[in-house]
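Architecture at a glance
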Amino acid sequence: MDNTKIILDENEMPRSWYNILPDLPTPLEPPLNPATNEPIGPEDLSPIFPMALIMQEMSQDRYIDIPEEIRDIYRLWRPSPLYRAHRLEAALKTPARIYYKYEGVSPAGSHKPNTSLAQAYYNMKEGVERISTETGAGQWGSALSMACSFFDIECMVYMVKSSFYQKPYRKSLINLWGGTVIPSPSNQTRAGRSILEKYPDTSGSLGIAISEAVEDAATHENTKYSLGSVLNHVMLHQTIIGQEAMAQMAKVDDYPDMVIGCVGGGSNFAGISFPFVQEMIKDGKEIDVVAVEPSACPTLTGGEFRYDFGDMAQMTPLLKMYTLGHEFVPPPIHAGGLRYHGDSPIISRLYADGIIRAEAYHQTEIFDAAVTFARTEGIVPAPESAHAIKSAMKGALKCKETGEEKTILFNLSGHGHFDMGSYDSYFNGTLSND
Ligand SMILES: *Cc1c(COP(=O)(O)O)cnc(C)c1O
């Protein structure tokens, strides 16, 4: 049998992140200041972000060195393994070869520490003592809390209310690593109080929690804000995933025909796909690159490509992206990390240009796929990651019909060990099919 687990040595870990901005066929439209409708400059962002990250956000350098201090911490779990899904292939009776890159091996259980460490590091370098953020399912809040503990920074997390009660152990994890977490909307910010007044029973949303975290950073001494997805510098930090995957596939002399990732704000999808998209753009490689989202929050497949706010209270710059509108509050599906009204401007641009495509699935079919995966490959996937599994299975079943021996690569963005309540609902039949 061909390899099951394809690993790289620590010394083979990439030394730089890949910045796709200089390779985009259509340049991005700039973020705008909502008061003036003028493009924003670095100064506009400096109250809430450290300068090093602002520079990365706007950089046209194709490769940006990963500082040694960050690589040293990455080494705790990176390079992450690439698996060949032999048992899933057999269960599906497909001629396709399915590979998955597993990011659940990080201490926080997802891809998010790839950027949380980088962000905490650059904040520490600039003397920041406290970071505020939002979190959906708690993956980002816990990843940032861990990173802040490594660099001795205080961490304040506004957690979307529906997830705060659905995923209690993610809260515990944030506390364990030294962070503070409260449900959003909260009465600690003006944005939170005004939303609670209008919608006292709201389940919350990432758009609301972002408003609270940005306001917190703007109104506290020596506090900056940190975002776990959407922005260019976050996509950048995640590209270590795809660079490793490409090197791992080369070790077994294979190359993907399909590259798949789930999309909330787009960071793990960017991570697995951008190094391959570079080869599509520069070398004319033909790859079917698929972004997978929930039908309950269909940003790419059902949204509009226009300027919109990143948050509900209209505190962020305007970003040109696919959006369902900044007031959109998605149903409280269990894939809390995919409940965002917008998407990365880079991914939006690639989608608008037809370089990538998108699929959307309902919650029960996602859990069907997750259970099939767990029963064949063993790993319990996060509900978010199960969207990518579903799409990979669909691609593999299509190969079964056509007899094509395609190579399918997807990103398994995280494990679902803190999502067992969601699996319980699936098995006891109380999961809604949003
Ligand atoms: C946060 C999260 C996502 C969605 O965020 P992206 O920025 O779109 O990657 C997906 N999977 C897992 C496991 C997550 O924690």
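Residues numbered from 1 in each chain as written. Predicted model: local features only at pLDDT ≥ 70, side-chain atom pairs only at ≥ 80, totals over all residues. Heavy atoms only, no water.

When the domains of the protein chain are assigned, the result is domain 1 (5-13 + 76-109 + 239-427) and domain 2 (16-65 + 112-232). Once you take the C-alpha centre of each, domain 1 and domain 2 turn out to be 22 Å apart. Opposite the 58 residues of domain 1 that make contact, domain 2 presents 57 residues. Between domain 1 and domain 2, a total of about 4400 Å² is buried, with carbon and sulfur atoms accounting for 63% of that surface. Linking domain 1 with domain 2 are three salt bridges. Measuring nitrogen to oxygen at the nearest pair gives 2.8 Å for the salt bridge that ties Glu29 to Lys320. Run the count over domain 1 and domain 2 and you get 22 residue pairs in polar contact (both at pLDDT 80 or more). (Domains from an automatic or database assignment. Contact = heavy atoms within 4.5 Å. Buried area = accessible area lost by both parts, 1.4 Å probe. Salt bridge = Lys/Arg side-chain N within 4 Å of Asp/Glu carboxyl O. Polar contact = N/O pair within 3.5 Å; in protein donor to acceptor, adjacent residues only side chain to side chain.)

Core analysis: the largest hydrophobic core is formed by 65 residues, its most contacted members being Trp17, Tyr74, Phe274, Leu350 and Leu409. Broken down by element, the residue count for this core peaks at seven residues, all from helix α13 (residues 267-283). For this core, the domains that each give at least three residues are domain 1 (5-13 + 76-109 + 239-427) and domain 2 (16-65 + 112-232). If sequence neighbours within four positions are ignored, Tyr74 has contacts with Met13, Trp17, Ile66, Pro113, Asn114, Leu117, His237 and Ile240. By size, the runner-up hydrophobic cluster in this structure holds 32 residues, among which are Ile98, Tyr100, Ala392 and Cys399. (Core = buried A, V, L, I, M, F, W, Y, C linked by side-chain atoms within 4.5 Å. Buried < 20%, exposed > 50% of the residue type's maximum accessible area, 1.4 Å probe, protein only. Helix = DSSP H or I, 4+ residues; strand = E, 2+ residues; numbered from the N terminus.)

It is worth spelling out the side chain of Asn411 at this point. Among the secondary structure elements, Asn411 is positioned in strand β15 (residues 407-412). Accessibility expressed as a relative area gives 0% for Asn411, which makes it buried. Separated by 2.9 Å, the side chains of Asn411 and Asn268 make a polar contact.

A few words now on the packing of aromatic side chains. Inspection of the entire model under this criterion finds 16 aromatic pairs. Centroid distance Tyr100 to Phe410: 5.6 Å. Interplanar angle 25°. Geometry classified as stacked. With a gap of 310 residues between them, Tyr100 in strand β5 (residues 97-102) and Phe410 in strand β15 connect regions that are remote in the sequence. With respect to burial, Tyr100 and Phe410 carry one shared label: buried. Joined through ring pairs, the aromatic side chains of Tyr83, Tyr100, Phe373 and Phe410 make up one cluster. Looking at Lys320, its charged tip hangs above the ring of Phe305, at a distance of 4.4 Å from the centre. (Phe/Tyr/Trp six-rings, centres within 6.5 Å; stacked < 30°, edge-to-face > 60°. Lys NZ or Arg CZ within 6 Å of the ring centre and 35° of its normal.)

This paragraph deals with the site of the ligand. If you check the shell around the ligand, you find 19 residues, and the closest are Lys112, Ser229, Gly264, Ser267 and Ser413. Contact distances for the ligand include 3.1 Å between an oxygen atom and a side-chain N or O atom of His111. Between Gly265 and the ligand, the recorded distance is 3.1 Å, taken from a backbone N or O atom to an oxygen atom. When the ligand sits alone it has 380 Å² of accessible area, and the protein chains cover 97% of it. Cavity membership is defined here by more than half of the atoms lying within 2 Å of grid points; on that basis the ligand lies in the largest cavity. Counting only elements with at least two residues in the shell around the ligand, the list comes to α13 and α17 (383-402). Each residue belonging to the shell around the ligand can be placed in one class, and the counts come to four nonpolar, 13 polar and two charged. Residue-level mapping places the shell around the ligand at the junction of two domains, with at least three residues from each of domain 1 (5-13 + 76-109 + 239-427) and domain 2 (16-65 + 112-232). (Near = heavy atom within 4 Å. Areas by Shrake-Rupley, 256 points an atom, 1.4 Å probe, with all protein chains shown as cover. 1 Å grid on protein atoms, 1.4 Å probe; cavity = no way out; pocket = protein on both sides within 12 Å on 5 of 7 lines; lining within 4 Å. Sits in = over half its atoms within 2 Å of the grid points. Nonpolar A, V, L, I, M, F, W, Y, C, P; charged D, E, K, R; others polar.)

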